[in-house]
Amino acid sequence: MRKITVIKVGGAIVEDPRSLANLLDGFCKIEGDKILVHGGGRTATQIAATMGVETKMVNGRRVTDQQMLQIVTMVYGGLVNKQVVAQLNARGLRALGLTGADLGVIRAHKRPVVEGGVDYGLVGDVDSVDAASLEHLLAGNITPVVAPLTLGEGAQLLNTNADTIASEVAKALAPNNEVTLVYCFEKAGVLRDADDDSSVIAHIDTDSYATLKQQGIVSGGMLPKLDNSFAALHAGVKRVVITRADSLNTGGTTIEL
């Protein structure tokens with residue numbers, strides 16, 4: 001059974017050279033096989049602005065029309081992905097950049113519009129992950145670096161949440177491998193006080209999560225991270241951690257059932 005670590009790194013880390021360097025240094029030191037899933041939304045927003053394209057966000061999610069899809073494809077699958085791949089290869093790791101369309105490795109469907117709900121446009125919800133292809137790359141000593149784009153029906157590319165992609169990749173690999181999922185962002189973990197980086201909650205289980213939500217301590221963008229974390233654990237992922245770029249191998253918040 002292979003030991004595989006799936007790391008998701010947010011755009012705020014990827015887009016800051018020092019934070020990214022710390023993250024990649026730590027990533028290279030992780031023992032066993034590893035996969036990196038990245039975001040890059042801030043860069044996409046900045047480049048869209050230079051092209052005169054308005055960014056529309058609803059509930060923290062990007063509305064993706066055809067023009068915005070072209071931008072996020074260029075940014076996520078091109079600029080950001082290749083910068084990360086180049087830096088990993090410069091560190092001696094054999095990294096290969098992928099989107100969900102490459103090898104058809106992550107397939108999705110266009111998010112449906114629920115009556116009275118939001119039409120997010122060309123945004124995908126994951127249907128399947130080709131774990132065998134990822135395992136084949138890992139067996140060849142190749143480290144996949146996955147951009148948040150998936151393959152929809154009729155060769156349609158779809159913008160897809162990177163947290164969800166990381167969780168779905170980890171879940172797909174879990175039946176035949178010992179998988180650890182790490183969500184890495186700019187904070188030291190899940191914080192009891194958002195303004196105090198020392199207030200890390202060391203462990204969160206199902207019961208404490210319900211209490212933290214009820215008390216409003218955990219809210220906003222942390223909720224989908226935790227929901228994806230518990231979904232991964234229920235699907236057989238061995239361990240889930242939420243931590244900071246410079247603390248990949250220590251600290252952070254451990255999520256457990």
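Everything here concerns the structure above.
Residues take numbers from 1 onward in each chain, read along the sequence in its written order. In keeping with the predicted nature of the model, local features appear solely for residues at pLDDT of at least 70, side-chain atom pairs appear and are counted solely at 80 or more, and the whole-chain, interface and lining totals rest on all residues. Here the side-chain values reflect all heavy atoms present in the structure, with hydrogen atoms and water set aside.

**Regarding the pairing of strand β2 (residues 33-38)**
Next up, step 1: The cut-offs for exposure are 20% and 50% of the maximum accessible area for each residue type, with area from a 1.4 Å probe on protein chains only; residues under the lower value are buried, those over the upper are exposed, and the others partly exposed. For the purposes of this entry, the term helix denotes a DSSP run of H or I that reaches at least four residues, the term strand denotes a run of E that reaches at least two, and both are numbered from the N terminus. Most of β2 sits inside the fold, with six of its six residues counted as buried.
Next up, step 2: Where burial is concerned, the two faces of β2 agree: the one with Asp 33, Ile 35 and Val 37 and the one with Lys 34, Leu 36 and His 38 are both buried.
Next up, step 3: Any two strands are treated as partners once DSSP identifies two or more bridges connecting them. Here strand β1 (residues 2-9) runs beside β2; their pairing, made up of six bridges, is parallel. Residue Lys 8 lies in a different strand from β2, and its bridge partner there is Val 37.
Next up, step 4: Pairing between β2 and strand β8 (residues 143-146): two bridges, direction parallel. By the bridge assignment for β8, Val 37 is matched with Val 146.

**Section: the nonpolar core**
Next up, step 1: The biggest cluster of nonpolar side chains holds 40 residues, and the ones touching the most others in it are Val 6, Ile 35, Val 169, Leu 173, Leu 181, Ile 204 and Leu 226.
Next up, step 2: The biggest single contributor to this core is helix α6 (residues 162-173), with six residues.
Next up, step 3: The contact criterion used is simple: two residues touch if any of their non-hydrogen atoms lie within 4.5 Å. Residues within four places of Ile 204 in sequence aside, it is in contact with Val 190, Tyr 209, Leu 212, Leu 226, Phe 230, Thr 253, Thr 254, Ile 255 and Glu 256.
Next up, step 4: Core analysis: the next-biggest nonpolar cluster, separate from the first, contains 36 residues, Phe 27, Val 75, Val 84 and Leu 122 among them. Among buried residues, the Ala, Val, Leu, Ile, Met, Phe, Trp, Tyr and Cys ones that are joined through side-chain atoms within 4.5 Å form a nonpolar core.

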